[in-house]
Amino acid sequence: MTGIRFLTNEANKVEGLAYAGFETYRGAPYTSCARETGQNSRDAAGGTKPVKVSFDLLHIDRDDVPFADELEHSICCCLEAPQNEKTKSHLERALAAISAPTVKVLRIADVNTTGLTGPVDDAASVFAALVKGDGITQKADETSAGSFGIGKNAAFAVSELQTVIYSTCYQDEAESVCFAAQGRLRLISHIDGDRKCSAEGYWGDKEFRAIEDVSLVPTWLARTEVGTSIHAVGFDERDQWASRMTLSLVTNFFAAIEREQIEFEVDGKPINSASLDSVLEDQALTALADEHDEIAELERARRLLLCIRSEAATRHKINIAGLGDFTLHLLVSENLPREVHVLRNGIYITDNFAKFSQPMRQFPGTREFTAVLEPSSDLKGRAPSALLKQLENPAHDAFEPDRIINFEAQQTARKQIKKLINEVRRIIRTVAKIEESENSRLDELSEMFADTGSTRDEGRDDDERDPDAYVYQKPRRGTRRQASGATGKGKAKKRGGTGREQTGTRTGKSKKTQRRAGTASAVPLNGIRSTLKDGDPLIRSIWFTPTASGEIVLAVDASGLTDDVSLDLVEASAGVVSKGRVRTTVHAGQRVQIDVTLSEPFAGPIELSAVRFIETPAEKVV
Amino acid sequence: MKISETTSYPHPVLAPWSTDVAGSSFTAELTLREEGAAQQIDIHSKVLLDQLELIDLIENGDAAFGCFITCVSTGFRRMQRFGFPTGSHQFAPGALLGRVQLRPMIWALRPISTWLPAGAHSEFGGGTDIEPGQILALDDEQRVDVLRPPLPSIESIFEIFSSTELGEGEFDIDMTGDRINIIMGEATYSLVQGLRQTTESTRSVITNAMFVPVVMEILSQIASGEEQFSSCRWFEPFRKRSELLDVDLKTPSLFTDAQLLLERPFNSLSRLIDEEETCDE
C-alpha cells in the first residue's frame, strides 16, 4: 500500500527546515530550479533527438493527491514540535497549501532522455541516486554537466511543502519500458504518536520502495514515455515564475538550445532554436531581467550567442598536450566588452579562472571583442570537459583547483589550465591586435579639420569607393513572375531567368527537346494547382483556368534546381496526347481538371504552360 | 534552387500570389545592418504569420523559417535559417555585396502526414504527405543593393609619428609639411594608438590630453607669423575653421581657442562618464 513514511529518529536528532541542500538554492529558487533540473535532463539525453523539458503548473484537486491527508497530519505533528518563529511560519504556510481544495504542483518533465534508470532498489542505479542519494551522482557520462548530485535539491526550493515526487519511465536491460515513482519530503524532526520521526520521509510503496505499477499512481503522476517527471508539490507560485525560469534557461542554456541539444517549454511557451532570438529580445523579459538585476546575464547571453553563431567570428582549436582540444570562438567588433566566457556541454559556466590566478579581465592592446571558450565538440574535447567538471564548483560559476584532491593531478591541472589561458591570450592578441604602424592619420579630427577640395591627394580618383563601409538600400519586393503569356504590368521572365521581356509568342520548338508544336501564342493559365493522384508520382491531377477559349497544347515541366526540364506525358484523362503534351479544348474562365500520366515518376513542383494549337503538317494526329 | 511564383507544388503552399491557402498570410520584414567597424553584416527578420498550423509546425521544430539568399557578385547562395518570429544572422565581412536577393520561405524539417492546413483549397482533397525540405510557404522575393559608398572627401590634416629620437612621454610638432605631424617616442606612440582604438572614452581622453596642447602650440606658432605656413596644405583648412569659429589667428587666446576649435572636448568626456554612471545605476 502506498503512503508516506518518515525515517525513525532513534538518536533524537534535532532537524530543522534549513537543510543545507535546499538552502543553497533558496536565494534564487526559480533560477536555480530551472538551471539544475535542465542540466539533469541535458545529462540524461537519450538518442539523437534534442532533449525536451517542459515546466507546467498543475492545479490538482486535493482528492487526487493520494498522500494529502498523511502529509497534512505530519505537518500538524511538526507544528507541535519545538520550533522558532520562522519555522512555524513556514510550516503554517505548508499546512495551508496542503489543506487547500487544490494543490499547486510544478511539473518538470523531460523526453528524449534515458529516464531514471533502475533497478529502483539498486543503490547504484540512477533512480536511487536521484531519489534517495545525498551528495552522490550516478551520471553515466564523466563529462556530464552536473557534478555533485545536489542539484536535485533545487526542486525542493520551489516547494512550500518541501516535497518532490519523481516519476519515470526507463528501459531495462531487456529494453522493456519500466515505470517507477517515489516521493521525497523533508520537514522537521517530530513525534507522531509514540514514534520518533526524522525530518526526512518518503512517499511510495511499503518499506520505502518505489511504486512500479503505474495504475497505483494518480493520472498526474503517471507517464508512459521514457523520461522523467519531477513534481514540486505545493509550488511556491510567485509573480512571473514562468518568465523568471525562462530567463534562467536562456541565459544558461542558449548554446545548447541554439545547437538543438535541448529545448524547453515553460508554461506552454516554447524555447527552442527557432524561438531563441525572439525570447532573448523579448521586451517583457528584458524588463524582468532589469527588475531582478539580471540584465547583465541577459545581455551576456545575447553577446555570446552572437559570438558562437556569427560567421564573422573566428574559430580556433587549442590543443593542450596530455589533455585534449578546446575551441575558442572569437568575435572582434566594436562595442564588445573584451571578455572570455567558458561554456561546458552548451551550458554557461563562468568568465574567469580566478582561482588559477587568471582572472582574464584585462586585455591591453587589443580591439574590443567577445570570446567563448569550450571543450571541443569531438572526442578530443571529452578529457577537457571532464577536467572542467572536476574543477567546477557546486554553484557552477567558478573553477577551483583545490577540488582535485590528488596533489600531482592538481598540479597537472594547474599547468594545463594556465597553458590554456596563455594560448587564449596569444590568440586574442594576434586576432584582435591593434594595428601598429609608424604613423597614423588622426581621422577622429577630420570632421573638424578636413583636408578637402583643392588640397586633396594628387591622383585621387573621385569614383573611389570607401573600402571600410557599406550602404544598404531598404529591401524592396521584386516583381512577381507571371504565367506564360500573361499580359499586364511587370516583366515576365523566360524560364532560365534572363530577365528579358517575353513577347508572348512561342516558336513552338523546344531547345531541349526539339519538339515542334507549330507556331503558336501562349495562353495564360490562372489558378494552376496540381496534386499527386492518390499519392502516385506517375499521375498528376492538374487544375487551371484558361484565359482564352479554343484548342490548346499543355506542357508540363519539372521545376528544376536552376532551370525547368520537360516532363513527357504518356496519357491524359481528357484531350489527346502527342509528343509528350496534351492537346485539348478549353473555354475561357472555365475551370479545367485533367489527370496526366508522366513517363517517369516525379513528385516535385511543376510548371504548367499552354499555347494555342495551330495545326501544322508535323503536328497532325493520325 | 529555382523558386518562382508560377511554380505549382503538389501540396498547399501559402503565398501572397496563391489561392492554395485562403484566409491566411505570410510576410517577412527583412532589414540589413552593418555592425561595427569590422564590417559584419547582420540580416534581421520579423515574420508576420497568421496560419496557426504553420506556426505550430515551426514552434515544434517540424518546420523552419528562413531565406534563400543569393548574391551574384560574391557567389553567395544559401538557404539561411532564421529565428521565428524574429531572428538575425551575422555574415562574414564581404559575403554580401552588390545585388542581394532574399526569398523568405517556410519549409518542412520533418515528415508531415496529410498536410492540409485550414483554408486549403478543396482541390487538394484530403491532404498530402510532406517530406523534409518541401516548401510550405513563400513570400515575395526581396532585393537589396549593398554598395560601397564614395570615399569620404575629408581626411585629417593631422598625423602622428613614432620616433626613436624623442624621449618617452615627450611630444614634438612639425608644421612644415603637408600635414601637421605630431611626433613622439615609440612607447608613447603605442600607448596613444592603443587609447585611440580602445573605446570612445579613451579616445576622448586622448583628445583632451594631447590634441588641446597641440592646437595651442599651432595657434601660437601661427600667431608668430602665419606667412611661414601659407604654402602648407594643412594651413587652409585650419584657417577656414578658425574663421568659421571667429578665432583670430593673429591674436589668439591659446587655451580658450584651442578648446573652441576642438569643440570643447571635455564635454564629450564628461558626457561619456555620465552615461556609464547611468548604466551602472
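Residues numbered from 1 in each chain as written. Chains lettered and ligands numbered in written order. Predicted model: local features only at pLDDT ≥ 70, side-chain atom pairs only at ≥ 80, totals over all residues.

A.B. asks: When you look at the overall build of chain B in this model, what are you seeing that I'm missing?
C.D. replies: Along chain B, the regular secondary structure elements total six helices and 13 strands. For a compact globule of 281 residues, the expected C-alpha radius of gyration is about 19 Å, and chain B comes in at 30 Å, more than 25% above that figure. Across the 281 residues of chain B, 35% fall into the buried class. Contacts spanning at least 24 positions in sequence make up 61% of the contacts within chain B whose residues lie at least 6 apart. (Helix = DSSP H or I, 4+ residues; strand = E, 2+ residues; numbered from the N terminus. Rg over C-alpha atoms; globule rule 2.2 N^0.38 Å. Buried ≥ 20, exposed ≤ 12 C-beta atoms within 10 Å, placed from the backbone. Contact = placed C-beta atoms within 7 Å.)

A.B. asks: Where do I start with unusual backbone geometry in this structure?
C.D. replies: Of all residues except glycine, most have a negative phi; of all peptide bonds, most are trans. Residue A:Pro119 is bonded to the preceding A:Gly118 through a cis peptide linkage, with omega at 0 degrees. Within the element layout of this structure, A:Pro119 appears in the loop between strand S3 (102–111) and helix H5 (126–131). Residue B:Pro85 is reached from B:Phe84 by a cis peptide bond, and omega for that bond is 0 degrees. Among the structural elements, B:Pro85 can be located in the loop between strand S4 (76–82) and strand S5 (86–91). Phi at A:Asn12 takes a positive value of approximately 55 degrees, unusual for a residue other than glycine. You can see A:Asn12 is positioned in the loop between strand S1 (3–8) and helix H1 (20–23).

A.B. asks: Could you clarify how one ought to interpret the sheet that holds strand S21 (residues 525–532) of chain A in this entry?
C.D. replies: Note: strands within a sheet are paired through backbone hydrogen bonds, in either parallel or antiparallel orientation. All names here are of chain A. Strand order in the open sheet made by the four strands is S21-S22-S28-S25, with antiparallel pairing throughout. The two strands at the open ends of the sheet, each matched to only one other strand, are S21 and strand S25 (569–572). For this sheet, the mean inter-axis angle between neighbouring strands, taken without regard to orientation, is 30 degrees. Here S25 runs beside strand S28 (residues 592–598); their pairing, made up of three bridges, is antiparallel. Looking across to S28, one finds that Ala572 is bridged to Val596. (Pairing = 2+ DSSP bridges. Axes fitted to C-alpha atoms, helices over the stretch in contact; angles between N-to-C directions.)

A.B. asks: I would appreciate a short explanation of the sheet that holds strand S11 (residues 158–163) of chain B in the present structure.
C.D. replies: Ordered in space as S16(A)-S11(B)-S13(B)-S12(B), the four strands form an open sheet in which the pairing is mixed. Taken across any chain shown, the strands that pair with only one partner, and hence form the sheet edges, are strand S16 (439–441) of chain A together with strand S12 (171–174) of chain B. Between one strand axis and the next, the sheet turns by 20 degrees as a mean value, whatever way the strands run. Here three bridges tie S16(A) to S11(B), and the two strands are oriented antiparallel to one another. For A:Arg441, the partnering residue across the bridge sits in S11(B) and is B:Glu159. Sheet strands in contact with helix H2 (residues 186–198) of chain B are S16 of chain A together with S11 and strand S13 (180–185) of chain B, and its direction is about 115 degrees off that of S13(B).

A.B. asks: How should I be thinking about the interface of chain A and chain B in this particular structure?
C.D. replies: A common way to state how big an interface is: give the accessible area lost once the parts meet. Listed as interface residues are 73 residues of chain A and, on the opposing side, 80 residues of chain B. Every element with two or more residues in the side of chain A that touches chain B is listed here: helix H7 (276–281), helix H9 (295–309), S16, strand S17 (471–472), strand S18 (476–477), S21 and strand S29 (606–612) of chain A. No other element matches S21(A), which puts six residues into the side of chain A that touches chain B. For the side of chain A that touches chain B, the per-class residue count stands at 27 nonpolar, 21 polar and 25 charged. Strand direction decides the pairing type here: S18(A) and strand S10 (residues 142–147) of chain B, joined by two bridges, are antiparallel. The residue bridging A:Arg477 from the neighbouring strand is B:Gln142, located in S10(B). (Nonpolar A, V, L, I, M, F, W, Y, C, P; charged D, E, K, R; others polar.)

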